[in-house]
Amino acid sequence: MKFGKEYLSQMLPEWKEAYLDYRYLKTLLKDILRFKRKAEEGRTQQKSLVRDLTLYRSFSGLQKQKSHDFISGGDIEDLFIMVKEVKGANSNVKYETKFIIPSEDATDQEVVFFNTLDYEFSKVDVFYKDKVEEVMNEVALLNKQMDALIALRIKVENPNLDMSGAVRELVADVANLATSTVSNPSTPRMPRKEQMFVIQETTIADEEDSEDSSGGVDVDKSNGGNNNFKPAHLEILEHVKINNEPETPKSTIKAMLLKDSKDKKLQFNRKQLKKVEEQLKQVFIEFHWKLRQLKRYSFMNLLALSKVMKKYDKITLRGASKSYLRAVDNSYIGSSDEISTILERVEATFVKHFCNSNRRKGMKSLRPTAKKGKHKTTFLLGYFAGCTTALLVALILVINARKLVIKEGSTQYMENIFPLYSLFAYIILHMLMYAVNIYFWRCYRVNYPFIFGFKQGTELGYREVFLLGAGLTLLSLAGVLANLDMEMEPGTQKYQTVTELVPLGLVTLVLAIAFCPFNIIYRSGRFFFIKSIWRCICAPFYKVTLIDFFLADQLTSQVQAFRSLEFYICYYVWGDFRKRHNSCRQSAVYNSFYFIVAVLPYWSRLLQCLRRWVEEKDVSQVYNGLKYLLTIIAVLMRTGFDLEKGTSWRAVAIISSAIAAIMSTYWDIVKDWGLLQRHSKNPWLRDKLLISHTSVYFIAMVLDVILRLAWLQSVVNFHVTFLHRTALTTIVACLEILRRGMWNFFRLENEHLNNVGKFRAFKSVPLPFSYYDEDSSKDE
């Protein structure tokens, strides 16, 4: 693999703007090479062939001698450029390259190249320095969190301990501390408050040998060395409280009823301790991931600088890389080793305190292995797709050969059996659209696992989602075909009851697989989905995350699927399914729930908007909630017209649906997709786009408007002679799912670009402890 492709693949997508622009620098190098070739061609045309050969040999000899002097360590390269540090804005160091050769020897292309290189190098160095400062602040917070955790552990293990003098000495003996500091040529030693501590929880103080200052790591002994340091005492617990963020409906209601529940003091029990340990463990895992990405950022940019300068030397034979790379080595990003040292201490702390000193277990949690594609997945996907195609062809042949469409029982089949199987069509189509979304997100490097909050290594790829969709399609088609065969064959007529139970058996099988507790069929993905569904159901009692409202938006496109589930209950509980007959539409209870199930997804989304408005104080969430409220009114009016069929119902349904469609379309395009910006670099789109062909965005906007108007079918009584009314309703519902699939891509593209603009690449895991003095300082 070429370095350019490897460099691009190793980029953290959200930090793309902060990386060295390797591709543009290569373009400038090509301009330099093109200019040199043209200059040589011009000289060749003006001179005779013999003299040209003589000059060429002389020139080649001089260049070889110059290159030989550079390789042998001469000072010729030092006569070409000199890189100087200049104080820029905010006291940041900038780098400027000065040519110390005659000006006519440096082409304009080379001047542009070095100006660009200086800018990119300065940008990388400043960004890295800022991120290291953030890391140091996080280290200080983690130190205080670990102090509180150790004190809590001691208190839980010895609940009768007090803070008498004897106990203080006992705690001091228990808390054996190993610290690390960083020393490098360009930066001063870290303050002690920014050091990463590894607290030894043993009754015997272990002594560790300290390295000298030249090694870059100093280790203090618990009973000697620095007398100013005091180990964590139990009195820390008097100044600490638990960050009691409501995580369940019960805790949310309790927090609403009891105003002081967030200021609740520590409970010294194992349940509280376990909860704190799990939360702090996740904090360490995310912090370790951040350190690894920052270390990779440093390595890849330094390697890119080295590659660029070597290519420059190869093209110009100047021998300037030694001078420039010397400045790179002396820069902050080239000489600091804070990240490597802190990374080691974080691993040691995590292994010691969260994995019982089992390093293999600890490193497995901190460095999960990358998910590898399996040939079995590809094979099964192809196998299921082939079987599905065969069943689909067989089903079409059976319907045409037996002329089932024009038989007397076709209407009865469409009104009773078709709605049962259409449920699977909605689910399968949504899964296929999600698989297509994943494929294009990966093509355009949209970091969907981070945006959705998937645990690293557990996210499903498009092949896995396609496999699940193909498997469910195979089961559904097999059920439809078996249903027809059992009904049509004279020998199986007596099994009519079993025939009608085939759809119910499929639903039961799908639900059993979804809730299966065993580690099969992507258990982590299934449980993540079920957990997210539960959070949507319990809105607004959970804090709203992106995956919550994103999934709730998906559910708003599955209204017909919810109605199909309602029909399942009515058909198999109250209907006479043995005779393929139902009276659901004549039931007042069924009609009432026909309204309710259509409104539930929008109601959940409305409550999420209200929760976000209360927490984030974002007024836009009020308008977003108003959009869903208008949609609820429109759905109720359309449903009422569908059941009652009256002129007044139709007029109200058309007006309410038109208002809701206009506001929803505007919100889709302007707010969710971030398009229609009048003064953007791309007219009527936005400044940054992932798709190079801008026509795609305009086509998507037009399709969104057209598909948003699919509701017209339900109020204008549009009929197709060769389609049953139920089939037409199913087609309209599928169009809404297709629109949602298109919406998904551009919605996540916009979210990804917002993260890129803010360099937001890591999850913010809340800390379990907070100190009273910190709260008071925030208030001030």
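Counting from 1, residues in each chain are numbered in the order their sequence is written. In view of the model being predicted, local features appear only for residues whose pLDDT reaches at least 70, and side-chain atom pairs are presented and counted only at 80 or more, with totals across whole chains, interfaces and linings using the full set of residues. Side-chain metrics in this entry use all non-hydrogen atoms of the structure; hydrogen atoms and water are not considered.

A.B. asks: Sorry if this is basic, but what is going on with the overall build of the protein chain here?
C.D. replies: Tallying secondary structure elements over the protein chain gives 28 helices and 6 strands in all. Categorising residues by exposure relies on relative accessible area from a 1.4 Å probe, with only protein chains included: less than 20% of the type maximum marks a residue as buried, more than 50% marks it as exposed, and the intermediate range marks it as partly exposed. A total of 780 residues make up the protein chain; the buried ones form 46% of that total. The accessible surface values rely on the Shrake-Rupley method and a 1.4 Å probe; as for residues, cover is taken only from the protein chains in view. Summed over its atoms, the accessible surface of the protein chain is roughly 42,200 Å², and 59% of this surface lies on carbon and sulfur atoms. Numbering of helices and strands starts at the N terminus; helices are DSSP runs of H or I of at least 4 residues and strands are runs of E of at least 2.

A.B. asks: Got a minute to help me understand the side chain of Asn 301 in this structure?
C.D. replies: Tracing the backbone through its elements, the reader meets Asn 301 in helix H7 (residues 270–316). Judged by its relative accessible area of 1%, Asn 301 falls in the buried class. Here a polar contact is taken to be a pair of N or O atoms separated by no more than 3.5 Å, where protein atoms must pair a possible hydrogen donor with a possible acceptor and residues adjacent in sequence count only if both atoms sit in side chains. Among the polar contacts listed, one links the side chain of Asn 301 to the backbone nitrogen of Leu 20, at a separation of 2.8 Å. Contacts are assigned to residue pairs with any non-hydrogen atoms lying within 4.5 Å of each other. If sequence neighbours within four positions are ignored, Asn 301 has contacts with Tyr 7, Tyr 19, Leu 20 and Val 124.

A.B. asks: What is the right way to look at the confidence of the model for the protein chain in this model?
C.D. replies: Atom-level detail of predicted coordinates should not be read off regions where pLDDT is low. Scored from 0 to 100, pLDDT records how confident the predictor is in each individual residue. Within the protein chain, residue pLDDT values average 80, and 79% of them lie at 70 or more. In the predicted structure, residues 163–167 sits below a pLDDT of 50 and forms 6 contacts with residues beyond four places in sequence or in another chain. In this model, residues 169–232 is a region of pLDDT below 50 whose contacts with residues beyond four sequence positions or in other chains number 134 contacts.

A.B. asks: Before we go on, may I ask you to explain the packing of helix H14 (residues 418–443) against helix H18 (residues 502–514) in this structure?
C.D. replies: Each packed pair of helices is defined by two parameters, the angle between the axes and the distance between the axes. Between N-to-C directions, angles cover 0 to 180 degrees, with each direction set by a line fitted to C-alpha atoms, over the stretch in contact for helices. Contact pair H14 / H18: the axes reach a minimum separation of 9 Å and the direction vectors enclose 30 degrees. By the criterion of interaxial angle, the relationship of H14 to H18 is roughly parallel. Crossing of H14 over H18 shows left-handed handedness. Within the contact between the two elements, H14 uses Leu 420, Tyr 421, Leu 423 and Phe 424 and H18 uses Val 502, Pro 503, Leu 506, Val 507 and Val 510. For classification, angles of less than 35 degrees are called roughly parallel, those exceeding 145 degrees roughly antiparallel, those between 65 and 115 degrees roughly perpendicular, and all remaining angles oblique. Two helices that cross are described as forming a left-handed crossing if the nearer one is turned anticlockwise from the farther one by less than a right angle, and a right-handed crossing if clockwise.

A.B. asks: Help me understand the state of the cysteines, please; the structure alone is not making it clear to me.
C.D. replies: Think of a disulfide as a covalent bridge from one cysteine sulfur atom to another cysteine sulfur atom. We call a pair of cysteine sulfur atoms a disulfide whenever their separation is within 2.5 Å. Under the criterion given, the structure shown has 1 disulfide. Between the sulfur atoms of Cys 570 and its disulfide partner Cys 584 the distance amounts to 2.0 Å. Torsion about the S-S bond of the Cys 570 and Cys 584 cystine: about -115 degrees, corresponding to left-handed handedness. Separated by 14 residues along the polypeptide, Cys 570 in helix H21 (residues 559–574) and Cys 584 in the loop between H21 and helix H22 (588–616) bring together distant segments of the chain. Like Cys 570, the residue Cys 584 is buried in the burial classification.

A.B. asks: Got a minute to help me understand the side chain of Glu 120 in this structure?
C.D. replies: With respect to the helices and strands, Glu 120 occurs in helix H4 (residues 108–157). The exposure class of Glu 120 is buried, given its relative accessible area of 5%. Filtering out sequence-adjacent residues up to four positions away, Glu 120 remains in contact with Tyr 19, Leu 20 and Asp 21.

A.B. asks: Can you walk me through a nonpolar patch on the surface in this structure?
C.D. replies: Together, Leu 610, Trp 613, Val 614, Val 619, Val 622, Tyr 623, Leu 626, Leu 629 and Ile 633 line one region of the surface with nonpolar side chains, adding up to about 760 Å² of accessible area. At the level of secondary structure, the elements contributing two or more residues to the nonpolar patch comprise H22 and helix H23 (620–644). A per-element tally of the nonpolar patch places H23 first, with 5 residues. On the secondary structure map, Ile 633 appears in helix H23. Note on patches: the residues involved have over 30% relative accessible area and no salt bridge, like charges join within 9 Å, and the nonpolar side chains Val, Leu, Ile, Met, Phe, Trp and Tyr join within 5 Å. When a carboxyl oxygen of Asp or Glu lies within 4 Å of a side-chain nitrogen of Lys or Arg, that pair is called a salt bridge.

A.B. asks: Is there a simple way to explain the packing of aromatic side chains in this structure?
C.D. replies: A ring pair, where both rings are aromatic, is described by two values, the distance of the centres and the angle of the planes. Any two of the Phe, Tyr and Trp rings considered here, Trp counted by its six-membered ring, make a pair once their centres fall within 6.5 Å; the pair's planes then place it as stacked at under 30 degrees, edge-to-face at over 60, or tilted in between. Evaluated as defined, the whole model comprises 39 aromatic pairs. An angle of 75 degrees between the planes, with centres 5.1 Å apart, marks the rings of Phe 114 and Tyr 312 as edge-to-face. Of this pair, Phe 114 sits in helix H4 while Tyr 312 is found in helix H7, placing the two residues 198 residues apart along the sequence. Like Phe 114, the residue Tyr 312 is buried in the burial classification. Two conditions define a charge sitting above a ring: the NZ of Lys or the CZ of Arg must be within 6 Å of the ring centre, and it must be within 35 degrees of the ring normal. The cationic tip of Lys 129 hangs over the ring face of Tyr 332; the distance from NZ or CZ to the ring centre is 5.9 Å. Across the ring face of Tyr 594, the terminal group of Arg 563 is positioned such that the distance to the ring centre comes to 4.1 Å.

A.B. asks: So what exactly am I meant to see when it comes to a positive patch on the surface here?
C.D. replies: Charge counting treats Lys and Arg as positive and Asp and Glu as negative, with His and both chain ends excluded. We put the charge of a Lys on NZ, of an Arg on CZ, of an Asp on CG and of a Glu on CD. Taken together, the side chains of Lys 2, Lys 5, Lys 30, Lys 307, Lys 310, Lys 311 and Lys 314 define a basic patch exposed on the protein surface. The element best represented in the positive patch is H7, accounting for 4 residues. Of note, Lys 310 is situated in helix H7.

A.B. asks: Honestly, unusual backbone geometry in this entry has me stumped. Any pointers?
C.D. replies: With the exception of glycine, the majority of residues adopt a negative phi angle, and the majority of peptide bonds are in the trans configuration. The step from Ala 539 to Pro 540 runs through a cis peptide bond, and the omega angle for that step is 10 degrees. Looking at where Pro 540 falls in the secondary structure, it is placed in the loop between helix H19 (523–537) and helix H20 (546–556). Non-glycine residue Arg 445 carries a positive phi angle of around 55 degrees. With respect to the helices and strands, the residue Arg 445 is situated in the loop between H14 and helix H15 (448–452). Positive phi outside glycine occurs at Tyr 522, with the angle close to 55 degrees. Looking at the secondary structure, you find Tyr 522 in the loop between H18 and H19.

A.B. asks: Please clarify how the environment of Ala 552 should be interpreted in this entry.
C.D. replies: Looking at the element boundaries, Ala 552 is found in helix H20. Ala 552 sits 56 residues away from Gln 608 along the chain, and the two C-alpha atoms are 9.0 Å apart. What Ala 552 contacts, discounting residues up to four positions off in sequence, is Cys 536, Arg 605 and Gln 608.

A.B. asks: What should I look at first to understand H14 in this one?
C.D. replies: Residues spaced three or four apart along an α-helix face the same direction, because each turn holds 3.6 residues. Here, expected helix span is obtained from the residue count minus one, scaled by 1.5 Å. End to end, H14 covers 37 Å across 26 residues, agreeing with the expected 38 Å (1.5 Å per residue, within 8%). Trailing H14 by a residue or two, Arg 445 shows a phi angle of about 55 degrees, which is positive.

A.B. asks: Looking at this structure, I do not really get the pattern of salt bridges. What am I missing?
C.D. replies: Note on pairing: side chains with opposite charge can pair once their charged atoms come close. Taken as a whole, this structure holds 24 salt bridges when the rule is applied. Close ionic contact of Glu 138 with Lys 290 constitutes a salt bridge, the shortest N to O distance being 2.6 Å. One end of the pair, Glu 138, is in helix H4; the other, Lys 290, is in helix H7, with 152 residues separating them in the sequence. Arg 739 is paired through a salt bridge with Glu 736; the nearest N and O atoms lie 3.0 Å apart. On the criterion of helical spacing, the pair formed by Arg 739 and Glu 736 is a turn pair, its members being 3 residues apart in helix H27 (residues 725–757). Side by side, Arg 739 and Glu 736 carry an identical accessibility label, which is buried. What you see here is one network of salt bridges that share partners, running through Asp 668, Asp 704, Arg 708, Glu 736 and Arg 739.

A.B. asks: Just to check I follow, could you spell out the environment of His 752 for this structure?
C.D. replies: Structurally, the position occupied by His 752 is in helix H27. With 304 residues separating them in the primary sequence, His 752 and Tyr 448 have C-alpha atoms 8.0 Å apart. At 3.4 Å, the side chain of His 752 and the backbone oxygen of Arg 445 are in polar contact.

A.B. asks: Looking at this model, I keep getting lost on the environment of Ser 365. Mind explaining?
C.D. replies: Tracing the backbone through its elements, the reader meets Ser 365 in helix H11 (residues 359–366). Given the relative accessible area of 25%, Ser 365 is considered partly exposed. Along the sequence, Ser 365 and Gln 282 sit 83 residues apart, while their C-alpha atoms lie 9.7 Å from each other.

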